[in-house]
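Architecture and fold: a report
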Amino acid sequence: MATVERFEDLNVWKAAREFCKLIHQFTLRNDFCNDFKLVSQIRASSGSVMDNIAEGFERDGNKEFCQFLSFSKGSCGEARSQLYRALDAGYISKADFDQAYDQAMEISKMLSGFIAYLKETELKGRKFK
């Protein structure tokens with residue numbers, strides 16, 4: 001297993017970044033971009049997925065990291081709910097929805113697996129060395 005030195009090395013963070021970019025692209029569309037509140041909410045929740053992974057990693061302890069990964073998972077669910085709102089309002093197609101939904105579900109699974117791993121590992125983080 002490769003050593004992870006930075007949060008940018010984490011596959012789950014990379015996936016969350018791609019998800020955030022996809023959501024941002026959706027919100028630039030004419031009808032969607034005029035729904036200022038939904039645009040703000042879905043950009044914030046999708047951004048929180050990657051941001052909480054980064055913040056938790058930088059805290060250097062597994063317990064805090066798990067807590068922030070849990071926040072990230074919650075934000076992923078929030079973004080999925082907002083995708084339904086965008087679909088129902090006609091801002092995105094079913095194909096767009098499915099693409100983003102599948103990405104969000106994969107990220108949620110990755111986060112769940114990562115949390116389980118961190119809870120079982122003997123490693124406790126850099127601040128506990």
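Residues numbered from 1 in each chain as written. Predicted model: local features only at pLDDT ≥ 70, side-chain atom pairs only at ≥ 80, totals over all residues. Heavy atoms only, no water.

1. Observations regarding the overall build of the chain
Across its full length, the chain carries five helices and zero strands. For the chain, the C-alpha atoms occupy an extent of roughly 50 × 20 × 20 Å along the three principal directions. Counting all 129 residues of the chain, 40% fall into the buried class. For the chain, long-range pairs separated by at least 24 residues make up 73% of all intrachain contacts whose partners lie at least 6 apart in sequence. Taken as a whole, the chain presents about 7500 Å² of accessible surface, with 51% of it coming from carbon and sulfur. Placing the 19 positive and 19 negative side-chain charges of the chain at their respective mean positions leaves the two points 3 Å apart. (Helix = DSSP H or I, 4+ residues; strand = E, 2+ residues; numbered from the N terminus. Buried < 20%, exposed > 50% of the residue type's maximum accessible area, 1.4 Å probe, protein only. Contact = heavy atoms within 4.5 Å. Areas by Shrake-Rupley, 256 points an atom, 1.4 Å probe, with all protein chains shown as cover. Lys, Arg positive; Asp, Glu negative; His and termini not counted. Charge placed at Lys NZ, Arg CZ, Asp CG, Glu CD.)

2. Things to note about the environment of Gln 99
Here Gln 99 lies in helix 5 (residues 94-120). Given the relative accessible area of 38%, Gln 99 is considered partly exposed. In this structure the C-alpha to C-alpha distance between Gln 99 and Leu 22, which are 77 residues apart in sequence, comes to 9.2 Å.

3. Here's the deal with helix 3 (residues 36-58)
Its 23 residues place the ends of helix 3 32 Å apart at the C-alpha level, agreeing with the 33 Å of an ideal helix rising 1.5 Å per residue. The largest bend in helix 3 is about 30°, located at Ser 48. Positive backbone phi, approximately 65°, marks Asp 60, located one or two places after helix 3. (Expected span 1.5 Å × (residues − 1). Bend = angle between axes of the 7 residues up to and from the residue.)

4. Digging into the packing of helix 1 (residues 11-27) against helix 5
Taken N-terminus to C-terminus, the directions of helix 1 and helix 5 make an angle of 155°; their axes are 10 Å apart at the nearest point. With respect to helix 5, the element helix 1 is oriented roughly antiparallel. The two elements helix 1 and helix 5 cross, and the hand of that crossing is left-handed. Side by side, helix 1 and helix 5 meet where Asn 11, Val 12, Ala 15, Ala 16, Glu 18, Phe 19, Leu 22, Ile 23 and Phe 26 of the first sit next to Asp 96, Gln 99, Ala 100, Gln 103, Ala 104, Ile 107, Met 110, Leu 111 and Phe 114 of the second. (Axes fitted to C-alpha atoms, helices over the stretch in contact; angles between N-to-C directions. Parallel < 35°, antiparallel > 145°, perpendicular 65-115°, else oblique. Left-handed = near helix turned anticlockwise from the far one by under 90°.)

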